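# Chains, contacts and geometry: an overview
Spelled out from the first residue to the last, the chains are:
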Amino acid sequence: MPTRSSTRVVALLFLGLGAGLAACGKSDASADGKKTFGYVTNGIASFWVIAKAGALAAGEELDVDVEVRMPGPPEDAEQKRTIEELLAMNVDGIAISPVKPDNQLDVINEAAARTHLITHDSDAPGSDRLVYIGMDNYLAGRMCGELVKEALPDGGEIMIFVGRLGQDNADLRRQGLIDELLDRSMDSTRHDKPGEELKGDKYTILDTRTDNFDSAAAKSQAEDALAKYPDIDGMVGLFAYNPPAILEALAAAGKKGEVQVIAFDEDTVTLQAIEDGSCHGTVVQNPYRYGYESVKMLAAIAEGDKSVIPASGFLDIPARKITKDSVVDFRTELESLIAGTAEVK
Amino acid sequence: MSRAPLLEVRGVSKRFPGVLALDRVSLSLGHGEILAVIGENGAGKSTLMKVLAGVQHQDKGDVLVDGEPAAIDSVNAAYDRGIVLIHQELNLCGNLDVASNVYLGREPRRHGLIDHKTMRTQAQACIAKVGLDVKVSTLVERLPIGRQQLVEIAKALSVDARVLIMDEPTSSLSTRETETLFAVIEDLCASGVSIVYISHRLAEVKRLAHRVVVLRDGHNAGELARDEIEHDAMVRLMVGRDVSQFYARKPHEPGAVALEAEDIVVPGGAPEPISLRVHAREIVGIAGLVGAGRSELIETLFGVTPAVRGHLRVGGTDVRISSPKDAIAAGLALVPEDRKQSGLVLEMAVRENVSLPSLEREARRAFIDKRAEREVAGRMIADLGIKTRDDRQVVKDLSGGNQQKVVLAKWLALAPRVLLLDEPTRGIDIGAKHEIYALMERLAADGVAVLFISSEMEEILGISDRVLVMHEGRIAGELGRGELDEEAVMQLATGGQPART
Amino acid sequence: MKKILGITTLLIVVVAATAALSPNFLTAYNVQNIIRWSALFGILSVGVAFVIVTGGIDLSIGSVVGLVGCTLAMLLNPIDERPPGWAWKSVFQIQGCIAIVAAVIWGLARFYGRSRGSGRRLLWLGLAGAALFAAGRYAPGFDLPAWLHLPFVVLWVLALSLQIGLLHGLLITKIGLQPFVVTLCGLLFYRGLTRWVAADQTQGFGSGFTGLRKLATGKLPLTDDFALPVPAIALAVLAILSGVLLNKTIFGRYMLALGRNETATRYSGIDTDRYVILAYAICSLLAGIGGILFALDINSIQPSGHGNFYELYAIAAAVLGGCSLRGGEGSILGVVIGAAVMRVLYNAINVLGIPTQLEFAIIGLVILGGVIADELVKRLAAKRRAARQARDPA
């Protein structure tokens, strides 16, 4: 009978699938008696691979389990799902870099109510998180502005490229950059709308273009900017993949070196370009320490030690400026960290 | 003057782009009357019915209901006046039950929700009126086609239809189902409902109609009162000429065995194996009721549903046929039952349809030989007298008869040894039917073995050299030329024994 | 010819309007960029056109682009710690797995009675797969010489995409699954596979492979300041081949016929399954070629995002270019122009300084407008033809 045997085939398929899945994952955190912490990123990127290395290193050191989760698109929904899963696993603490903190307050607060919750990389202002570990994105943005001033001491027209606006780190970096270039006072609550040309005494910010995390779109945006403003002086990429995309576009247009590139983060291409001189410099965070400090902090809190929490609720891991002078050292440092990833894995 | 006729059409004209479909057509319909409207395809019957049912609107002329001019400009307007059209292809949702179909679009409601209880009770009453004895919760797709037809009629009655227009209602019914339908129709008449009956089957018209209106090329060609309804008279009015000799067939001297099936088992059919032989220069008919497994047998021969077991020989050589491709390679060709579904690519040109099976043969290293393609299409159009603007006309725009000729042209271009035809003249007008018979004759004379299925007794009796009668998936008997008559065929088809055996 | 009239007009209108509004639009630099992007997306669109012509759909194109891009970069650039021969040994193992999977699917198809492949051939396929896998796994490691390594990797990556298409076709025809479902699963599966294979690390070619990268970024100087991007040549060649295949050969004719009515085509003795499989194979192969060029061009391939949504751009371009999702209708030239319209729009939005946030809204509206206009023109033409016939019945 065809029906009966096909039922059997389907049953076998499912059985095989189930067994395969069971072999792949584990579902309960406390199975081995160790404490377990969730480390949730805001997407998938090389940056987070370094952070993962830090988190795992801390886990190793403190003898706790660390579940690193990198949500794919749509990141906000995926983060919610990830948190729910971690809570279901009864983890002893979660560190998260929220994608859209304003809309995620419910999820974050619910998690905070059920386990120890801290934020890293990007904060969730107004939530019940215990502490925020990261850099001040506004200050980092101003740092980036300083690099632009170094690269273009006589002023000029620049354009900003970023994956997406509306998330805290992007908005604050951009604002810090603009405020520094326009020589405004320190005020991270200011907001200039994108799409408006901003003219200062020396510097003009032509526009801010977004690409929705698509590298092809990032390159295409850079090319279109070169087409629209053939005399542009500087291009600033605020997310890790933006500077490489800008450099590709410049290389194809034969304008490498003519237009100043100021970067964020430590993509290999970016670092190489700094060494070659086609990129003036980059502002780097310290993702390794985000991961490391997050797990360390969570482990201490889970043991009942609340004294580790700074009074301000903010543990600053400051950003650094990397230019031609410091790039070689920085690279060596980075390579040793990534090599550590392989070991820890 | 007693009371006004229930429905009257006065000088209605309707023009479509390129054709005057109706040219001042008039007719009237009395209370409880069965009026047959006949005519060749393209004579304007369908258009007239669509005008009456509010699907289309006439350009000129009036429709009167109970003597009052009525503006029937939508299907609902027609419903309001009690006029309902039952299409040839049934408009039922197979996945819904009988009650839901009867009340589709007019579901009784309570608090905005469907009131299933009321709907079921009322639907049960409706289907009882048409003598349908099933539960209203039965899914329509589970019913045989004849009963589905009755559901459609019940649906019409549920809107208090006074005029029921039926377009070819028996085209897919078995004889028994047809009889049931006729009984229902006569009952309805007796209760005062009037019927407009459209059919190509003149025997049915003769059996059922009180009066016949004949249309030809969009205008009234004549009218026959009850005692004048005779086959020849109807045909004369339809074609506009005298057709005394209906089938001009000459007996053939059969040649060698062209197709031989030995103990083949049709998948999903009867478990007993079937054997048959068709000789070159022979026309063999397969008769039987709908559902007797005739199409299934022929599709198995053609490899659409490959045989479970058994052997096939073509021209004396063993062949393995597990797809139409194999069948064609072996020299078989099939004119399928449903030409729109399986015979033609409707949106493609005549030329492209004709060349489809032979393209590969004519191609030079996979490149289409466009000149050869045009040439073959041109030859076939001329040879078969296909009425088309040119070989680039889209097949969809051709009449049924011409479409069927295109299907035949596809195969003739390949010069097959065995031609299988499944209901080759269904839904096409008498003139074209004739041409197709002549073509079958001609092919047989040229040495082709012809095996055809037909549900029309006249056709089976008229052109077969030999008839195989199927019943419940088996070949119930075989009738030679001398033994052929309607009664013998019906005996075998209904499971009885032939009188003379 | 008439079919592409509308889309060509649309292209000209958008180009003319943008050129009138911005002096930077018709510069050699900008036009070259548009041509390059149009060519890259055009290749994907031409591929999907074949599938659409047969009445199917391929939603996996973007994921195939991602998979191919990542695989190519990883195999060409084995990281230093990899053991010798890692690249070709991995290829052998993957290929072996694919062969075994194909044999299993084929076996399932036989089980359902939809395929007639002989059991022995299946067994051979499975055994060959196992042998390949074993060879990849246990053979001694040595690196291929560079001159062999590059063509080996590129050709195998293309073969991989071709096999993906064959697999889709096999599942759709022989097991009888719906194209939407099969390729939707493909979309998810290949994306996941890509991320897993690349461990979410961004891949690229660094500053190496400049020769190979010329395939995507190179330009052929035509005049003093205008040079034709190489991908445009690739698209031209592929489009001409595709046009010939679709319009001049029996394969194309069969695809068009089965797209309209598969039953009637099968009844005409055509092995329709074979041509459906062919269409999916072509589609995925072109997605693979496009994927290679995209990877070479962008040089920064994020496993999680590279190629996302590209299937939708490709389908949109095909529809703009006159393909009917009902099947049986399509023009390669129209599809290429459709892809160009999409890219010109993107570029126009940036060059005119329209906020990026409006990008999708504008493109969606233009496609909708184009399709509506096309439909109106068609009806108008039909009406006119009918009127002419009425006047002059001969």
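The structure presented is a predicted model; accordingly, all values stated were derived computationally and were not measured. (Residues numbered from 1 in each chain as written. Chains lettered and ligands numbered in written order. Predicted model: local features only at pLDDT ≥ 70, side-chain atom pairs only at ≥ 80, totals over all residues. Heavy atoms only, no water.)

## What about the side chain of B:Q404?
- Locating B:Q404 in the fold gives a position in helix α15 (residues 400-412).
- The contact partners of B:Q404, leaving out residues within four places of it in the chain, are B:V335, B:R339, B:E423, B:P424, B:T425 and B:I436. (Helix = DSSP H or I, 4+ residues; strand = E, 2+ residues; numbered from the N terminus. Contact = heavy atoms within 4.5 Å.)

## What about the interface of chain C and chain A?
- Chain C puts 39 residues into the contact, and the matching count from chain A is 33 residues.
- Roughly 3000 Å² is buried in total at the junction of chain C and chain A, and carbon and sulfur atoms are behind 46% of that figure.
- Summed over the three residues of chain C that lose the most area to chain A, namely C:Y29, C:Q302 and C:N350, the buried surface amounts to 19% of that side.
- For the pair chain C and chain A, the number of links is three salt bridges.
- Here C:R36 makes a salt bridge to A:E223, at a shortest N to O gap of 2.4 Å.
- Linking chain C to chain A there are 15 residue pairs in polar contact (both at pLDDT 80 or more). (Buried area = accessible area lost by both parts, 1.4 Å probe. Salt bridge = Lys/Arg side-chain N within 4 Å of Asp/Glu carboxyl O. Polar contact = N/O pair within 3.5 Å; in protein donor to acceptor, adjacent residues only side chain to side chain.)

## Description of the packing of aromatic side chains
Residue and element names in this part refer to chain C.
- Scanning the model with the defined rule gives 21 aromatic pairs over all chains in all.
- An angle of 40° between the planes, with centres 5.0 Å apart, marks the rings of F294 and Y310 as tilted. Linking F294 in helix α12 (residues 272-298) with Y310 in helix α13 (residues 310-320), this pair joins segments that are 16 residues apart in sequence. Both residues of the pair, F294 and Y310, count as buried.
- Taking the centre distance of 6.1 Å and the plane angle of 80° together, the rings of Y313 and Y346 count as edge-to-face. (Phe/Tyr/Trp six-rings, centres within 6.5 Å; stacked < 30°, edge-to-face > 60°. Buried < 20%, exposed > 50% of the residue type's maximum accessible area, 1.4 Å probe, protein only.)

## Describing the domain arrangement of chain A
Residues and elements named next belong to chain A.
- Looking at the assigned domains, one finds that chain A contains domain 1 (28-135 + 287-317) and domain 2 (137-284).
- Computed from C-alpha coordinates alone, the two centres of domain 1 and domain 2 are separated by 30 Å.
- The interface of domain 1 with domain 2 comprises 13 residues on the first partner and 10 residues on the second.
- When the area that domain 1 buries against domain 2 is broken down by residue, the three leading residues are F47, V99 and M135, summing to 47%.
- Where domain 1 packs against domain 2, one counts zero salt bridges.
- In this assembly, domain 1 and domain 2 are joined by one residue pair in polar contact (both at pLDDT 80 or more).
- Among the residues making up the side of domain 1 that touches domain 2, the classes are represented as seven nonpolar, two polar and four charged. (Domains from an automatic or database assignment. Nonpolar A, V, L, I, M, F, W, Y, C, P; charged D, E, K, R; others polar.)

## Description of the packing of helix α5 (residues 145-158) of chain B against helix α6 (residues 175-190) of chain B
Residues and elements named next belong to chain B.
- Closest axis-to-axis distance for the α5/α6 pair is 9 Å, and the angle between their directions is 15°. The orientation of α5 relative to α6 falls into the category roughly parallel. Of the two elements, α5 crosses α6, and the hand of that crossing is right-handed. Two secondary-structure elements touch here, α5 through I145, G146, R147, Q149, L150, I153 and L157 and α6 through E177, T180, L181, V184 and L188.
- Taken together, the residues of the contact of α5 with α6 break down into seven nonpolar, three polar and two charged. (Axes fitted to C-alpha atoms, helices over the stretch in contact; angles between N-to-C directions. Parallel < 35°, antiparallel > 145°, perpendicular 65-115°, else oblique. Left-handed = near helix turned anticlockwise from the far one by under 90°.)

## Considering the pairing of strand β19 (residues 418-422) of chain B
Residues and elements named next belong to chain B.
- Most of β19 is tucked away: five of the five residues are buried.
- Across the two faces of β19 the burial is the same, with V418, L420 and D422 and L419 and L421 all buried.
- The pairing of strand β18 (residues 332-335) with β19 spans four bridges and is classified as parallel. Bridge pairing links L334 to L420 in β19.
- Sheet topology note: the β19/strand β20 (residues 449-453) ladder contains five bridges and is parallel. (Pairing = 2+ DSSP bridges.)

## Topic: the pairing of strand β22 (residues 474-479) of chain B
Residue and element names in this part refer to chain B.
- In terms of strand pairing, strand β21 (residues 466-471) meets β22 through five bridges, oriented antiparallel. Within β22, the position partnered with V467 by the bridge is L479.
- Taking the residues that link successive antiparallel strands as the turn, the β21-β22 hairpin has two residues, and the phi of E472 there is positive, at about 50°.

## Details of the interface of chain B and chain C
- Each partner contributes residues to the interface: chain B has 36 residues there, and chain C has 25 residues.
- Each partner contributes to the roughly 2600 Å² buried at the junction of chain B and chain C, and carbon and sulfur atoms together form 58% of this total.
- Broken down residue by residue, the surface that chain B buries against chain C is led by B:K325, B:L356 and B:A366, which jointly contribute 19%.
- Summed over the shared surface of chain B and chain C, the number is one salt bridge.
- Put simply, B:E373 and C:R253 hold a salt bridge, and the shortest N to O gap is 2.6 Å.
- Linking chain B with chain C are 11 residue pairs in polar contact (both at pLDDT 80 or more), by the criterion used here.
- Every element with two or more residues in the side of chain B that touches chain C is listed here: α10 (324-329), α11 (339-343), α12 (350-355), α13 (359-362), α14 (370-384) and α15 of chain B.
- Within the side of chain B that touches chain C, the residues separate by chemical class into 18 nonpolar, seven polar and 11 charged.

## As for the confidence of the model for chain A
- Considering every residue of chain A, the mean pLDDT works out to 85; 88% of them sit at 70 or more.
- Considering each helix and strand of chain A separately, the mean pLDDT is smallest for helix α1 (residues 2-24) of chain A, with a value of 56, and largest for strand β9 (residues 234-237) of chain A, with 96. (pLDDT = per-residue confidence, 0-100.)

## A closer look at empty space enclosed by the protein
Residues and elements named next belong to chain B.
- Under the counting rule described, the total for this entry stands at six cavities of 30 Å³ or more.
- The computed volume of the largest cavity comes to approximately 110 Å³.
- Considering the residues around the largest cavity, the lining is formed by 13 residues, among which R201, T425, R426, G427 and E456 are closest to the centre.
- Residue composition of the lining of the largest cavity, by class: no nonpolar, six polar and seven charged. (1 Å grid on protein atoms, 1.4 Å probe; cavity = no way out; pocket = protein on both sides within 12 Å on 5 of 7 lines; lining within 4 Å. Points joined across faces, edges and corners; volume = space filled by probe spheres on them.)

## Examining the environment of A:D267
Residues and elements named next belong to chain A.
- Here D267 shows up in the loop between β10 (260-264) and α9 (268-276).
- For D267, a relative accessible area of 16% corresponds to the buried category.
- Along the backbone, D267 and Y203 are 64 residues apart, and their C-alpha atoms lie at a distance of 27 Å.
- Contact partners of D267, with chain neighbours within four places excluded, come to A240 and P244.

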